[in-house]
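Here's the letter readout for the chains.
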Amino acid sequence: MAVMSAAGFMGDNALFLIDYLLRFLRVILFFALWRLILHGKGAINGYTLSTTLTYTLISEVFREVMECRTWLESGFWDGSVSMRYLRPMSVFAQYAAEWSGGVAFRLLTFSIPLLLLSSLMGVNPLPASPQAGILFLASLLLAVFVGLGIEYLFSGLAIAFRTHPWIFNRMRAAIGEILSGALLPFAFMPLGLGKIFSYLPFAGQASTPLSIYVGQADSPRLMALQLFWGVVLWLIAGRLWEKNKEKVVAYGG
Amino acid sequence: MEVKGFWHWVRHTLRLFALYGKMDTLGLMRSMGMLLTMMLSDTVLNIAAVMGMLLLAERFGGIGNWSKYQVLFLLGYGGLVDGIINVFFGYNVAFISRRLGRGQFDHTLIQPQPIVVSLLTEGFNPAFGLPSLLPGTVLLGIALPHLVLPQIAGWWFLFAINMVASVAVVLAFQFAFGSLAFRAPRATEEISSSTMHLLMQLKSFPLDGLGAVLTGSLLTAVPVGGVAWLPCRALLGMGGGVTSYWLTPLLSMVLALVAVVTFWKGLQYYGRVGSQRYSNFGHRN
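Residues numbered from 1 in each chain as written. Chains lettered and ligands numbered in written order. Predicted model: local features only at pLDDT ≥ 70, side-chain atom pairs only at ≥ 80, totals over all residues. Heavy atoms only, no water.

Draft legend 1. View of the overall build of chain A. Tallying secondary structure elements over chain A gives 12 helices and 0 strands in all. Seen in sequence order, chain A has helices and strands lined up from the N terminus as α-α-α-α-α-α-α-α-α-α-α-α. Burial analysis of chain A (253 residues in total) assigns 53% to the buried set. Looking at chain A as shown, the accessible area adds up to about 11,300 Å², and 70% of this sits on carbon and sulfur atoms. (Helix = DSSP H or I, 4+ residues; strand = E, 2+ residues; numbered from the N terminus. Buried < 20%, exposed > 50% of the residue type's maximum accessible area, 1.4 Å probe, protein only. Areas by Shrake-Rupley, 256 points an atom, 1.4 Å probe, with all protein chains shown as cover.)

Draft legend 2. Structural view of the overall build of chain B. What chain B contains, in helices and strands, is 14 helices and 2 strands. Taking 285 residues into account, the globule formula puts the C-alpha radius of gyration at 19 Å, and chain B, at 20 Å, falls close to it. Principal-axis analysis of the C-alpha atoms places the extent of chain B at approximately 60 × 45 × 40 Å. Taking all 285 residues of chain B together, 54% fall into the buried category. Partitioning the intrachain contacts of chain B with sequence separation of at least 6 by distance along the chain shows that 78% fall at a separation of at least 24. For chain B, the computed accessible surface area is about 12,800 Å², with 69% contributed by carbon and sulfur atoms. (Rg over C-alpha atoms; globule rule 2.2 N^0.38 Å. Contact = heavy atoms within 4.5 Å.)

Draft legend 3. Expanded view of the nonpolar core. All names here are of chain B. With 143 residues, the main nonpolar core has L56, F73, I85 and F159 as its most contacted residues. Take this core: its biggest share by element is 13 residues, from helix 9 (residues 155-178). Excluding residues that lie within four positions of it along the chain, F73 makes contacts with L140, A143, L144, L147, W155, F159, C232, L235 and L236. Counting residues in each nonpolar core, the second largest holds 7 residues, with W9, L16, F17 and Y20 among its members. (Core = buried A, V, L, I, M, F, W, Y, C linked by side-chain atoms within 4.5 Å.)

Draft legend 4. Layout of the interface of chain A and chain B. Counting residues at the interface gives 40 residues for chain A and 41 residues for chain B. Each partner contributes to the roughly 3,500 Å² buried at the junction of chain A and chain B, and carbon and sulfur atoms together form 81% of this total. The largest per-residue losses of area from chain A upon contact with chain B belong to L22, L29 and L36 of chain A, which jointly make up 17% of the total buried on that side. The tally of links from chain A across to chain B stands at 0 salt bridges. One can count 0 residue pairs in polar contact (both at pLDDT 80 or more) joining chain A with chain B. At the level of secondary structure, the elements contributing two or more residues to the side of chain A that touches chain B comprise helix 2 (17-38), helix 5 (72-78) and helix 9 (165-179) of chain A. (Buried area = accessible area lost by both parts, 1.4 Å probe. Salt bridge = Lys/Arg side-chain N within 4 Å of Asp/Glu carboxyl O. Polar contact = N/O pair within 3.5 Å; in protein donor to acceptor, adjacent residues only side chain to side chain.)

Draft legend 5. Quick look at helix 9 of chain B. With 24 residues, helix 9 of chain B should reach 34 Å at 1.5 Å per residue; the first-to-last C-alpha distance of 34 Å fits that figure. Counting buried positions over the 24 residues of helix 9 of chain B gives 18, a clear majority of the element. (Expected span 1.5 Å × (residues − 1).)

Draft legend 6. Geometry of unusual backbone geometry. Although it is not a glycine, C68 of chain A adopts a positive phi angle of roughly 55°. Tracing the backbone through its elements, the reader meets C68 of chain A in the loop between helix 4 (63-67) and helix 5. Residue class for C68 of chain A comes out buried when judged on its relative accessible area of 0%. Phi is positive for Y91 of chain B, which is not a glycine, with a value near 50°.

Honestly, it's all geometry; don't read function into it.
See below:
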(Lines give C-alpha, C1' and ligand atoms only; values in the text may rest on other atoms or scores of the structure.)
Protein backbone atom coordinates (compact mmCIF):
# COMPACT_ATOMS: atom_id res chain seq x y z
CA MET A 1 0.00 0.00 0.00
CA ALA A 2 2.81 2.38 0.88
CA VAL A 3 4.61 1.64 -2.40
CA MET A 4 1.40 2.10 -4.41
CA SER A 5 0.74 5.39 -2.66
CA ALA A 6 4.27 6.64 -3.33
CA ALA A 7 4.03 5.66 -7.01
CA GLY A 8 0.66 7.42 -7.27
CA PHE A 9 2.26 10.74 -6.49
CA MET A 10 3.77 10.92 -9.94
CA GLY A 11 0.24 11.18 -11.39
CA ASP A 12 -0.02 11.91 -15.09
CA ASN A 13 3.08 14.09 -15.12
CA ALA A 14 5.51 16.06 -13.01
CA LEU A 15 3.33 19.10 -12.23
CA PHE A 16 3.32 18.17 -8.54
CA LEU A 17 6.73 19.86 -8.55
CA ILE A 18 4.90 23.21 -8.52
CA ASP A 19 3.68 22.35 -5.06
CA TYR A 20 7.28 21.84 -3.98
CA LEU A 21 8.32 25.14 -5.52
CA LEU A 22 5.65 26.94 -3.49
CA ARG A 23 6.76 25.20 -0.31
CA PHE A 24 10.36 26.14 -1.00
CA LEU A 25 9.31 29.78 -1.33
CA ARG A 26 7.49 29.60 1.96
CA VAL A 27 10.65 28.40 3.72
CA ILE A 28 12.67 31.26 2.24
CA LEU A 29 10.07 33.72 3.54
CA PHE A 30 10.13 32.22 7.00
CA PHE A 31 13.91 32.58 7.05
CA ALA A 32 13.60 36.23 6.00
CA LEU A 33 10.99 36.87 8.69
CA TRP A 34 13.18 35.45 11.43
CA ARG A 35 16.16 37.49 10.20
CA LEU A 36 13.97 40.60 10.30
CA ILE A 37 12.70 39.93 13.81
CA LEU A 38 15.81 38.56 15.48
CA HIS A 39 18.43 40.71 13.77
CA GLY A 40 20.69 42.30 16.38
CA LYS A 41 18.97 40.47 19.24
CA GLY A 42 20.85 37.94 21.33
CA ALA A 43 19.55 34.58 22.47
CA ILE A 44 15.90 34.64 23.58
CA ASN A 45 15.12 31.81 25.97
CA GLY A 46 18.12 29.99 24.51
CA TYR A 47 17.12 30.53 20.88
CA THR A 48 19.58 32.53 18.75
CA LEU A 49 18.88 33.50 15.15
CA SER A 50 20.93 30.52 13.94
CA THR A 51 19.08 28.08 16.21
CA THR A 52 15.70 29.45 15.10
CA LEU A 53 16.58 29.13 11.42
CA THR A 54 17.64 25.50 11.94
CA TYR A 55 14.39 24.86 13.85
CA THR A 56 12.37 26.31 10.95
CA LEU A 57 14.33 24.33 8.36
CA ILE A 58 13.90 20.99 10.13
CA SER A 59 10.23 21.75 10.75
CA GLU A 60 9.69 22.09 6.99
CA VAL A 61 11.93 19.13 6.10
CA PHE A 62 9.93 16.74 8.32
CA ARG A 63 6.59 18.53 8.01
CA GLU A 64 4.67 15.58 6.55
CA VAL A 65 6.16 13.17 9.05
CA MET A 66 5.08 15.34 11.97
CA GLU A 67 1.68 16.37 10.56
CA CYS A 68 0.54 12.75 10.07
CA ARG A 69 -2.34 13.64 7.74
CA THR A 70 -3.83 10.40 6.42
CA TRP A 71 -6.79 12.17 4.76
CA LEU A 72 -9.09 9.57 6.22
CA GLU A 73 -11.96 12.02 5.96
CA SER A 74 -11.82 11.83 2.16
CA GLY A 75 -12.80 8.17 2.43
CA PHE A 76 -15.92 9.11 4.38
CA TRP A 77 -16.70 11.84 1.92
CA ASP A 78 -16.42 9.90 -1.33
CA GLY A 79 -17.61 6.60 0.12
CA SER A 80 -14.39 4.69 -0.63
CA VAL A 81 -14.07 3.80 3.05
CA SER A 82 -16.85 1.21 2.64
CA MET A 83 -14.61 -0.93 0.42
CA ARG A 84 -11.80 -0.72 2.95
CA TYR A 85 -14.00 -2.43 5.54
CA LEU A 86 -13.97 -5.48 3.27
CA ARG A 87 -10.19 -5.82 3.40
CA PRO A 88 -8.54 -8.06 6.01
CA MET A 89 -6.80 -5.15 7.73
CA SER A 90 -7.88 -2.36 10.07
CA VAL A 91 -9.27 0.66 8.20
CA PHE A 92 -6.98 3.11 9.95
CA ALA A 93 -3.93 0.89 9.35
CA GLN A 94 -4.65 1.03 5.61
CA TYR A 95 -4.70 4.81 5.66
CA ALA A 96 -1.57 4.93 7.82
CA ALA A 97 0.25 2.64 5.36
CA GLU A 98 -0.70 4.87 2.44
CA TRP A 99 0.38 7.91 4.42
CA SER A 100 3.81 6.38 4.97
CA GLY A 101 4.26 5.84 1.23
CA GLY A 102 3.41 9.44 0.47
CA VAL A 103 5.74 10.67 3.18
CA ALA A 104 8.62 8.53 1.90
CA PHE A 105 8.17 9.95 -1.58
CA ARG A 106 8.12 13.56 -0.36
CA LEU A 107 11.12 13.00 1.88
CA LEU A 108 13.11 11.83 -1.13
CA THR A 109 11.93 14.42 -3.60
CA PHE A 110 11.53 17.53 -1.42
CA SER A 111 13.00 17.20 2.04
CA ILE A 112 16.43 15.86 1.15
CA PRO A 113 17.01 18.46 -1.62
CA LEU A 114 15.89 21.20 0.80
CA LEU A 115 18.29 19.93 3.42
CA LEU A 116 21.13 19.90 0.88
CA LEU A 117 20.35 23.44 -0.28
CA SER A 118 20.03 24.89 3.21
CA SER A 119 23.72 25.84 3.53
CA LEU A 120 23.36 28.00 0.43
CA MET A 121 20.62 29.90 2.25
CA GLY A 122 22.88 30.48 5.23
CA VAL A 123 21.15 27.95 7.48
CA ASN A 124 22.97 25.31 9.45
CA PRO A 125 21.16 21.99 8.86
CA LEU A 126 23.09 20.02 11.49
CA PRO A 127 21.76 19.05 14.91
CA ALA A 128 23.18 20.70 18.04
CA SER A 129 25.25 17.55 18.72
CA PRO A 130 25.45 13.93 17.49
CA GLN A 131 23.53 12.91 20.62
CA ALA A 132 20.81 15.46 19.81
CA GLY A 133 20.57 13.98 16.31
CA ILE A 134 20.04 10.45 17.64
CA LEU A 135 17.51 11.59 20.24
CA PHE A 136 15.72 13.57 17.53
CA LEU A 137 15.20 10.42 15.45
CA ALA A 138 13.77 8.59 18.45
CA SER A 139 11.55 11.56 19.26
CA LEU A 140 10.43 11.74 15.62
CA LEU A 141 9.22 8.14 15.85
CA LEU A 142 7.30 9.08 18.98
CA ALA A 143 5.94 12.13 17.12
CA VAL A 144 4.48 9.81 14.49
CA PHE A 145 2.99 7.68 17.27
CA VAL A 146 1.36 10.78 18.78
CA GLY A 147 0.39 12.31 15.41
CA LEU A 148 -1.35 9.21 14.10
CA GLY A 149 -3.02 8.87 17.50
CA ILE A 150 -4.43 12.39 17.16
CA GLU A 151 -5.56 11.68 13.60
CA TYR A 152 -7.21 8.45 14.72
CA LEU A 153 -8.89 10.19 17.67
CA PHE A 154 -10.26 13.12 15.67
CA SER A 155 -11.72 10.78 13.04
CA GLY A 156 -13.26 8.72 15.84
CA LEU A 157 -14.78 11.85 17.37
CA ALA A 158 -16.26 12.84 14.03
CA ILE A 159 -17.89 9.42 13.77
CA ALA A 160 -19.16 9.55 17.35
CA PHE A 161 -20.69 12.99 16.86
CA ARG A 162 -22.02 12.00 13.43
CA THR A 163 -20.54 15.09 11.88
CA HIS A 164 -18.38 15.59 8.85
CA PRO A 165 -14.81 14.35 9.58
CA TRP A 166 -13.50 17.07 7.29
CA ILE A 167 -14.66 19.79 9.72
CA PHE A 168 -12.94 18.10 12.66
CA ASN A 169 -9.72 17.48 10.79
CA ARG A 170 -9.65 20.99 9.33
CA MET A 171 -9.90 22.43 12.83
CA ARG A 172 -7.29 20.00 14.08
CA ALA A 173 -4.86 20.98 11.33
CA ALA A 174 -5.32 24.71 11.99
CA ILE A 175 -5.06 24.46 15.77
CA GLY A 176 -2.29 21.89 15.52
CA GLU A 177 0.00 24.19 13.58
CA ILE A 178 0.05 26.65 16.47
CA LEU A 179 -0.21 24.20 19.36
CA SER A 180 2.41 21.85 17.94
CA GLY A 181 5.09 24.53 17.72
CA ALA A 182 5.76 23.68 14.07
CA LEU A 183 5.33 27.31 13.03
CA LEU A 184 6.57 29.18 16.07
CA PRO A 185 8.93 27.81 18.75
CA PHE A 186 7.25 27.84 22.16
CA ALA A 187 10.18 29.89 23.48
CA PHE A 188 8.89 32.89 21.51
CA MET A 189 5.31 32.72 22.71
CA PRO A 190 4.15 35.52 25.01
CA LEU A 191 2.15 35.34 28.26
CA GLY A 192 3.61 31.96 29.22
CA LEU A 193 1.59 30.24 26.48
CA GLY A 194 4.59 28.19 25.37
CA LYS A 195 4.86 26.57 28.79
CA ILE A 196 1.16 25.60 28.74
CA PHE A 197 1.29 24.32 25.16
CA SER A 198 4.32 22.16 25.93
CA TYR A 199 2.15 19.91 28.12
CA LEU A 200 -0.49 19.30 25.44
CA PRO A 201 -0.36 16.28 23.11
CA PHE A 202 0.15 18.46 20.03
CA ALA A 203 3.58 19.49 21.35
CA GLY A 204 4.73 15.89 20.91
CA GLN A 205 4.15 16.20 17.17
CA ALA A 206 6.65 18.97 16.42
CA SER A 207 7.95 21.07 19.28
CA THR A 208 9.55 18.16 21.16
CA PRO A 209 11.59 16.65 18.30
CA LEU A 210 12.50 20.08 16.92
CA SER A 211 13.67 21.53 20.22
CA ILE A 212 15.69 18.35 20.83
CA TYR A 213 17.33 18.78 17.42
CA VAL A 214 18.48 22.32 18.22
CA GLY A 215 19.59 21.32 21.72
CA GLN A 216 16.97 23.32 23.62
CA ALA A 217 15.02 20.58 25.35
CA ASP A 218 14.91 18.47 28.45
CA SER A 219 14.87 15.39 26.20
CA PRO A 220 14.04 12.54 28.65
CA ARG A 221 11.11 14.43 30.21
CA LEU A 222 9.64 15.55 26.88
CA MET A 223 10.04 12.12 25.26
CA ALA A 224 8.36 10.50 28.25
CA LEU A 225 5.50 12.96 27.79
CA GLN A 226 5.31 12.01 24.10
CA LEU A 227 5.09 8.33 25.02
CA PHE A 228 2.42 9.06 27.62
CA TRP A 229 0.25 11.05 25.19
CA GLY A 230 0.74 8.47 22.44
CA VAL A 231 -0.48 5.62 24.63
CA VAL A 232 -3.42 7.67 25.98
CA LEU A 233 -4.51 8.85 22.53
CA TRP A 234 -4.36 5.38 20.95
CA LEU A 235 -6.28 3.83 23.84
CA ILE A 236 -9.03 6.44 23.72
CA ALA A 237 -9.20 6.47 19.92
CA GLY A 238 -9.32 2.66 19.69
CA ARG A 239 -12.15 2.55 22.22
CA LEU A 240 -14.00 5.33 20.43
CA TRP A 241 -13.82 3.58 17.05
CA GLU A 242 -14.83 0.25 18.53
CA LYS A 243 -17.80 1.74 20.36
CA ASN A 244 -19.04 3.76 17.40
CA LYS A 245 -18.33 1.47 14.46
CA GLU A 246 -22.06 1.07 13.80
CA LYS A 247 -22.36 4.83 13.36
CA VAL A 248 -19.97 5.13 10.41
CA VAL A 249 -21.63 7.06 7.60
CA ALA A 250 -20.03 7.46 4.20
CA TYR A 251 -21.20 9.85 1.51
CA GLY A 252 -21.16 8.86 -2.13
CA GLY A 253 -19.36 5.71 -3.20
CA MET B 1 -30.75 33.78 -31.10
CA GLU B 2 -31.72 36.82 -29.06
CA VAL B 3 -28.74 38.84 -27.82
CA LYS B 4 -29.23 39.92 -24.22
CA GLY B 5 -28.10 43.40 -23.19
CA PHE B 6 -25.71 44.38 -20.41
CA TRP B 7 -28.45 45.40 -17.96
CA HIS B 8 -30.22 42.10 -18.48
CA TRP B 9 -27.12 40.30 -17.21
CA VAL B 10 -26.74 42.73 -14.31
CA ARG B 11 -30.32 41.99 -13.19
CA HIS B 12 -29.76 38.27 -13.82
CA THR B 13 -26.60 38.32 -11.70
CA LEU B 14 -28.40 40.05 -8.83
CA ARG B 15 -31.24 37.49 -9.04
CA LEU B 16 -28.70 34.67 -8.85
CA PHE B 17 -27.01 36.27 -5.83
CA ALA B 18 -30.41 36.42 -4.09
CA LEU B 19 -31.21 32.84 -5.05
CA TYR B 20 -27.85 31.40 -3.97
CA GLY B 21 -27.93 33.45 -0.78
CA LYS B 22 -31.32 31.97 0.08
CA MET B 23 -30.19 28.42 -0.80
CA ASP B 24 -27.11 28.83 1.33
CA THR B 25 -29.07 30.09 4.33
CA LEU B 26 -31.63 27.29 4.02
CA GLY B 27 -28.83 24.74 3.72
CA LEU B 28 -27.19 25.96 6.89
CA MET B 29 -30.43 26.25 8.86
CA ARG B 30 -31.39 22.62 8.20
CA SER B 31 -29.70 21.66 11.40
CA MET B 32 -28.79 23.75 14.43
CA GLY B 33 -25.91 21.35 15.14
CA MET B 34 -24.50 21.89 11.68
CA LEU B 35 -24.89 25.66 12.02
CA LEU B 36 -23.00 25.73 15.31
CA THR B 37 -20.31 23.32 14.12
CA MET B 38 -19.66 25.33 10.98
CA MET B 39 -19.55 28.63 12.86
CA LEU B 40 -17.23 27.22 15.50
CA SER B 41 -14.89 25.54 13.02
CA ASP B 42 -14.66 28.61 10.78
CA THR B 43 -14.05 30.92 13.73
CA VAL B 44 -11.33 28.64 15.10
CA LEU B 45 -9.73 28.31 11.66
CA ASN B 46 -9.64 32.01 11.05
CA ILE B 47 -8.24 32.82 14.46
CA ALA B 48 -5.60 30.10 14.08
CA ALA B 49 -4.59 31.54 10.69
CA VAL B 50 -3.42 34.82 12.24
CA MET B 51 -2.40 33.52 15.64
CA GLY B 52 1.28 32.93 14.83
CA MET B 53 1.93 36.48 13.67
CA LEU B 54 -0.27 37.87 16.45
CA LEU B 55 1.80 36.09 19.09
CA LEU B 56 5.05 37.28 17.50
CA ALA B 57 3.84 40.89 17.36
CA GLU B 58 2.80 40.72 21.00
CA ARG B 59 6.05 39.08 22.08
CA PHE B 60 8.35 41.51 20.26
CA GLY B 61 6.14 44.63 20.38
CA GLY B 62 5.89 44.62 16.58
CA ILE B 63 7.78 43.15 13.64
CA GLY B 64 10.64 45.05 12.00
CA ASN B 65 9.46 48.61 11.41
CA TRP B 66 5.80 47.64 11.91
CA SER B 67 4.37 48.51 15.32
CA LYS B 68 2.13 46.05 17.15
CA TYR B 69 -1.07 47.80 16.01
CA GLN B 70 0.17 48.15 12.46
CA VAL B 71 0.71 44.38 12.45
CA LEU B 72 -2.84 43.98 13.80
CA PHE B 73 -4.12 46.14 10.93
CA LEU B 74 -2.15 44.01 8.46
CA LEU B 75 -3.62 40.83 9.93
CA GLY B 76 -7.14 42.29 9.98
CA TYR B 77 -6.90 43.47 6.39
CA GLY B 78 -5.60 40.08 5.22
CA GLY B 79 -8.30 38.34 7.25
CA LEU B 80 -10.99 40.45 5.60
CA VAL B 81 -9.63 39.62 2.12
CA ASP B 82 -9.81 35.95 3.06
CA GLY B 83 -13.36 36.41 4.41
CA ILE B 84 -14.62 38.17 1.28
CA ILE B 85 -13.22 35.38 -0.88
CA ASN B 86 -14.93 32.81 1.33
CA VAL B 87 -18.27 34.60 1.14
CA PHE B 88 -18.28 35.38 -2.60
CA PHE B 89 -16.16 32.64 -4.15
CA GLY B 90 -16.92 29.52 -2.13
CA TYR B 91 -17.98 26.13 -3.53
CA ASN B 92 -14.57 25.78 -5.16
CA VAL B 93 -14.82 28.83 -7.38
CA ALA B 94 -11.67 30.24 -5.77
CA PHE B 95 -10.27 26.67 -5.80
CA ILE B 96 -10.95 26.44 -9.52
CA SER B 97 -8.49 23.59 -10.20
CA ARG B 98 -10.77 21.27 -8.23
CA ARG B 99 -13.73 22.02 -10.51
CA LEU B 100 -11.57 21.64 -13.61
CA GLY B 101 -9.68 18.59 -12.40
CA ARG B 102 -12.86 16.80 -11.34
CA GLY B 103 -14.53 17.40 -14.69
CA GLN B 104 -17.18 19.62 -13.12
CA PHE B 105 -16.63 22.61 -15.33
CA ASP B 106 -19.04 21.09 -17.87
CA HIS B 107 -21.81 22.04 -15.41
CA THR B 108 -20.82 25.67 -15.89
CA LEU B 109 -20.39 25.40 -19.65
CA ILE B 110 -23.93 24.12 -20.22
CA GLN B 111 -25.55 26.97 -18.26
CA PRO B 112 -27.49 29.40 -20.51
CA GLN B 113 -25.45 32.36 -19.30
CA PRO B 114 -21.92 33.75 -19.70
CA ILE B 115 -19.20 31.82 -17.86
CA VAL B 116 -18.22 34.95 -15.97
CA VAL B 117 -21.76 35.28 -14.54
CA SER B 118 -21.63 31.68 -13.32
CA LEU B 119 -18.23 32.13 -11.72
CA LEU B 120 -19.28 35.39 -10.12
CA THR B 121 -22.44 34.01 -8.53
CA GLU B 122 -22.12 30.25 -7.96
CA GLY B 123 -19.71 30.67 -5.08
CA PHE B 124 -21.86 33.13 -3.12
CA ASN B 125 -22.43 31.66 0.34
CA PRO B 126 -23.24 34.42 2.81
CA ALA B 127 -24.44 32.11 5.57
CA PHE B 128 -21.63 29.55 5.56
CA GLY B 129 -19.01 32.22 4.85
CA LEU B 130 -20.09 34.79 7.42
CA PRO B 131 -17.88 33.55 10.31
CA SER B 132 -14.79 34.01 8.14
CA LEU B 133 -15.46 37.77 7.98
CA LEU B 134 -15.50 38.22 11.74
CA PRO B 135 -11.83 37.82 12.78
CA GLY B 136 -10.59 40.31 10.19
CA THR B 137 -13.27 42.83 11.12
CA VAL B 138 -12.52 42.46 14.83
CA LEU B 139 -8.75 42.87 14.32
CA LEU B 140 -9.29 46.01 12.23
CA GLY B 141 -11.65 47.32 14.90
CA ILE B 142 -8.99 46.80 17.58
CA ALA B 143 -6.14 48.27 15.53
CA LEU B 144 -7.74 51.38 14.00
CA PRO B 145 -8.24 53.47 17.19
CA HIS B 146 -4.52 53.06 17.97
CA LEU B 147 -3.24 54.15 14.56
CA VAL B 148 -2.46 57.58 13.20
CA LEU B 149 -3.81 57.30 9.67
CA PRO B 150 -2.67 59.56 6.81
CA GLN B 151 -4.69 62.78 6.63
CA ILE B 152 -6.14 62.18 3.21
CA ALA B 153 -9.65 62.73 1.91
CA GLY B 154 -11.53 59.56 1.03
CA TRP B 155 -9.32 57.20 3.05
CA TRP B 156 -12.17 54.74 3.43
CA PHE B 157 -12.82 54.89 -0.30
CA LEU B 158 -9.15 54.04 -0.92
CA PHE B 159 -9.44 51.29 1.66
CA ALA B 160 -12.39 49.79 -0.26
CA ILE B 161 -10.64 50.11 -3.64
CA ASN B 162 -7.53 48.40 -2.29
CA MET B 163 -9.62 45.68 -0.64
CA VAL B 164 -11.34 44.86 -3.94
CA ALA B 165 -7.95 44.92 -5.68
CA SER B 166 -6.47 42.52 -3.11
CA VAL B 167 -9.36 40.11 -3.62
CA ALA B 168 -8.75 40.36 -7.37
CA VAL B 169 -5.03 39.60 -6.85
CA VAL B 170 -5.90 36.37 -5.02
CA LEU B 171 -8.48 35.30 -7.61
CA ALA B 172 -6.16 36.11 -10.51
CA PHE B 173 -3.38 34.00 -8.98
CA GLN B 174 -5.81 31.18 -8.28
CA PHE B 175 -7.19 31.16 -11.81
CA ALA B 176 -3.77 31.53 -13.46
CA PHE B 177 -2.36 28.52 -11.61
CA GLY B 178 -5.68 26.65 -11.49
CA SER B 179 -5.86 26.71 -15.29
CA LEU B 180 -3.15 24.05 -15.30
CA ALA B 181 -5.93 21.61 -14.39
CA PHE B 182 -7.34 21.97 -17.92
CA ARG B 183 -4.20 20.23 -19.17
CA ALA B 184 -3.29 17.90 -16.29
CA PRO B 185 -6.53 17.29 -14.39
CA ARG B 186 -5.27 14.55 -12.13
CA ALA B 187 -1.85 15.94 -11.24
CA THR B 188 -3.08 19.48 -10.60
CA GLU B 189 -6.58 18.93 -9.26
CA GLU B 190 -5.40 20.23 -5.89
CA ILE B 191 -2.97 22.91 -7.11
CA SER B 192 -5.46 25.60 -6.03
CA SER B 193 -5.22 24.30 -2.46
CA SER B 194 -1.44 24.73 -2.56
CA THR B 195 -1.59 28.20 -4.09
CA MET B 196 -4.35 29.39 -1.75
CA HIS B 197 -2.54 27.94 1.25
CA LEU B 198 0.62 29.74 0.18
CA LEU B 199 -1.14 33.09 -0.24
CA MET B 200 -3.15 32.83 2.94
CA GLN B 201 -0.28 31.66 5.09
CA LEU B 202 2.12 34.29 3.84
CA LYS B 203 -0.30 37.18 3.39
CA SER B 204 0.33 38.40 6.92
CA PHE B 205 4.10 38.62 6.57
CA PRO B 206 5.64 42.10 6.48
CA LEU B 207 7.89 41.77 3.43
CA ASP B 208 10.18 44.68 4.29
CA GLY B 209 13.88 43.93 4.15
CA LEU B 210 13.63 40.97 1.76
CA GLY B 211 15.70 42.56 -0.98
CA ALA B 212 14.55 43.84 -4.37
CA VAL B 213 14.57 40.50 -6.23
CA LEU B 214 12.57 38.59 -3.63
CA THR B 215 10.14 41.45 -2.99
CA GLY B 216 9.64 41.86 -6.74
CA SER B 217 8.95 38.13 -7.07
CA LEU B 218 6.46 38.28 -4.23
CA LEU B 219 4.56 41.04 -5.96
CA THR B 220 4.50 39.48 -9.41
CA ALA B 221 5.26 35.76 -9.81
CA VAL B 222 3.69 34.84 -6.47
CA PRO B 223 1.81 38.01 -5.52
CA VAL B 224 1.66 37.44 -1.77
CA GLY B 225 2.55 41.10 -1.23
CA GLY B 226 -0.55 42.31 -3.04
CA VAL B 227 -2.88 40.49 -0.64
CA ALA B 228 -2.13 42.66 2.38
CA TRP B 229 1.42 44.01 2.70
CA LEU B 230 1.45 46.44 -0.25
CA PRO B 231 -2.04 47.93 0.33
CA CYS B 232 -1.49 48.15 4.10
CA ARG B 233 1.79 50.01 3.65
CA ALA B 234 -0.05 52.55 1.52
CA LEU B 235 -3.10 52.82 3.78
CA LEU B 236 -0.94 53.27 6.87
CA GLY B 237 1.17 55.93 5.19
CA MET B 238 4.30 53.76 5.10
CA GLY B 239 4.44 53.50 1.31
CA GLY B 240 5.43 57.05 0.46
CA GLY B 241 3.26 59.28 -1.72
CA VAL B 242 -0.26 59.30 -3.09
CA THR B 243 0.67 56.95 -5.95
CA SER B 244 1.20 54.14 -3.44
CA TYR B 245 -2.60 53.92 -2.97
CA TRP B 246 -2.97 52.84 -6.59
CA LEU B 247 -0.19 50.25 -6.75
CA THR B 248 -2.37 47.33 -5.63
CA PRO B 249 -5.24 48.20 -8.01
CA LEU B 250 -2.70 48.45 -10.84
CA LEU B 251 -1.13 45.14 -9.86
CA SER B 252 -4.55 43.47 -9.73
CA MET B 253 -5.37 44.63 -13.26
CA VAL B 254 -2.11 43.25 -14.69
CA LEU B 255 -2.56 39.93 -12.87
CA ALA B 256 -6.22 39.72 -13.91
CA LEU B 257 -5.15 40.09 -17.54
CA VAL B 258 -2.62 37.26 -17.15
CA ALA B 259 -5.28 35.09 -15.49
CA VAL B 260 -7.87 35.74 -18.21
CA VAL B 261 -5.39 34.86 -20.98
CA THR B 262 -4.21 31.71 -19.17
CA PHE B 263 -7.75 30.56 -18.40
CA TRP B 264 -8.92 31.30 -21.93
CA LYS B 265 -6.06 29.31 -23.45
CA GLY B 266 -6.79 26.44 -21.07
CA LEU B 267 -10.46 26.55 -22.03
CA GLN B 268 -9.54 26.38 -25.72
CA TYR B 269 -7.47 23.27 -25.01
CA TYR B 270 -10.32 21.80 -22.95
CA GLY B 271 -12.69 22.46 -25.86
CA ARG B 272 -10.60 20.09 -27.97
CA VAL B 273 -9.92 17.28 -25.49
CA GLY B 274 -12.63 17.55 -22.78
CA SER B 275 -12.27 15.63 -19.54
CA GLN B 276 -12.21 11.91 -18.84
CA ARG B 277 -12.63 12.42 -15.10
CA TYR B 278 -15.74 13.15 -13.14
CA SER B 279 -16.42 13.45 -9.45
CA ASN B 280 -19.59 15.11 -8.25
CA PHE B 281 -18.62 16.49 -4.88
CA GLY B 282 -17.47 19.92 -3.78
CA HIS B 283 -19.51 22.24 -5.96
CA ARG B 284 -22.98 23.70 -6.18
CA ASN B 285 -25.08 21.38 -8.33
